[in-house]
Amino acid sequence: MNALDYFNARLEATISPMDYLRLTQIDPDKYFLLDVRNGPLHVRSLKIKDANVIPEQELQARLNEIPKDKEIIVYCWDVWCNTAAKVAKFLLERGYMVKELTGGIAAWKEMNFPVSDSTQEVNMSDSCGC
């Protein structure tokens, strides 16, 4: 793979926090933001505002909650976490349209973009499974 192919593939598979915010302002119904982080509740008490929380370890059992008619944007902790990439691969293999949010929630919070309290969510597991 040459550099051009690499960057084309990277841009096809990812979306930056800024681009995601801009695109959801244009067409908010096109996207389904999915928080797939595993881990104890106290460390994932914040989520990106309006994100749907389905930890990676629960994904297979809750697949019916993810719409096939929207572009799925997955995120996890940060650039070192590969959970979102694993979920993206899993969903792509099942016919979903998927991109990974670059930098995860760490980049989102660093930019002071809107977050909300995720402890109000139901079905949140407290085990890591990382």
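Values in this document were obtained by computation on a predicted structure and should not be read as measured data. Along each chain, numbering runs from 1 in the same order as the chain's sequence is written. At least 70 in pLDDT is required for a residue's local features to be given in this predicted model, at least 80 for side-chain atom pairs to be given and counted, and no such filter applies to totals for whole chains, interfaces and linings, which use all residues. Only hydrogens and water are set aside; all other atoms, that is, all heavy atoms of the structure, feed into the side-chain values.

Each helix and strand counted, the protein chain has four helices and seven strands in total. Counting from the N terminus, the helices are DSSP H or I runs at least four residues long and the strands are E runs at least two residues long. Ordering the α and β elements of the protein chain from the N terminus gives α-β-α-β-β-β-β-α-β-α-β. Restricting the calculation to C-alpha atoms gives the radius of gyration, and the globule rule supplies 2.2 Å times the number of residues raised to the power 0.38. Taking 130 residues into account, the globule formula puts the C-alpha radius of gyration at 14 Å, and the protein chain, at 14 Å, falls close to it. Its C-alpha atoms put the protein chain at 40 × 30 × 30 Å along the principal axes. We call two residues contacting when some pair of their heavy atoms lies within 4.5 Å. In the protein chain, once contacts between residues fewer than 6 apart in sequence are set aside, the share between residues at least 24 apart is 73%. Note on areas: these come from Shrake-Rupley sampling with a 1.4 Å probe, and a residue is covered only by the protein chains present in the view. Roughly 7600 Å² of accessible area belongs to the protein chain as shown, and the carbon and sulfur atoms make up 54% of that amount. Think of it this way: Lys and Arg go in the positive column, Asp and Glu in the negative one, and His and the chain ends go nowhere. By convention, charge coordinates are those of NZ in Lys, CZ in Arg, CG in Asp, or CD in Glu. Of the side-chain charges in the protein chain, 15 are positive and 19 negative, and the distance between the mean point of each set is 1 Å.

Attention shifts here to the sheet that holds strand 2 (residues 31–35). Backbone-to-backbone hydrogen bonds pair the strands of a sheet. The strands run either parallel or antiparallel. In space, the five strands of this open sheet follow the order 1-6-5-2-4, with parallel pairing throughout. Because the sheet does not close on itself, it has two edges, and the strands there are strand 1 (14–15) and strand 4 (52–53). The pairing criterion is simple: DSSP has to find at least two bridges between the two strands. Of the pairings in the sheet, the one linking strand 2 to strand 4 comprises two bridges and is parallel in character. Each bridged residue has a counterpart across the sheet, and for Asp35 the counterpart in strand 4 is Val53.

Below, the discussion takes up the nonpolar core. Grouped together as the largest cluster of nonpolar side chains are 18 residues, with contacts concentrated most on Leu34, Ile66, Ile72, Val74 and Leu91. At the level of secondary structure, the elements contributing two or more residues to this core comprise strand 2, strand 5 (71–75) and helix 3 (83–92). Examining the composition of this core, we find that five residues originate from one element, helix 3, more than from any other. With sequence-adjacent residues up to four places away left out, Ile72 is seen in contact with Phe32, Leu34, Ile66, Pro67, Leu91, Tyr96, Met97, Val98 and Lys99. Each nonpolar core is a collection of buried residues, namely Ala, Val, Leu, Ile, Met, Phe, Trp, Tyr and Cys, held together in the definition by side-chain atoms within 4.5 Å. We call a residue buried when its accessible area falls under 20% of the maximum for its residue type, exposed when it is over 50%, and partly exposed in between, using a 1.4 Å probe and counting protein chains only. Membership of the second largest hydrophobic core comes to twelve residues, among which are Leu33, Leu101, Trp108 and Phe113.

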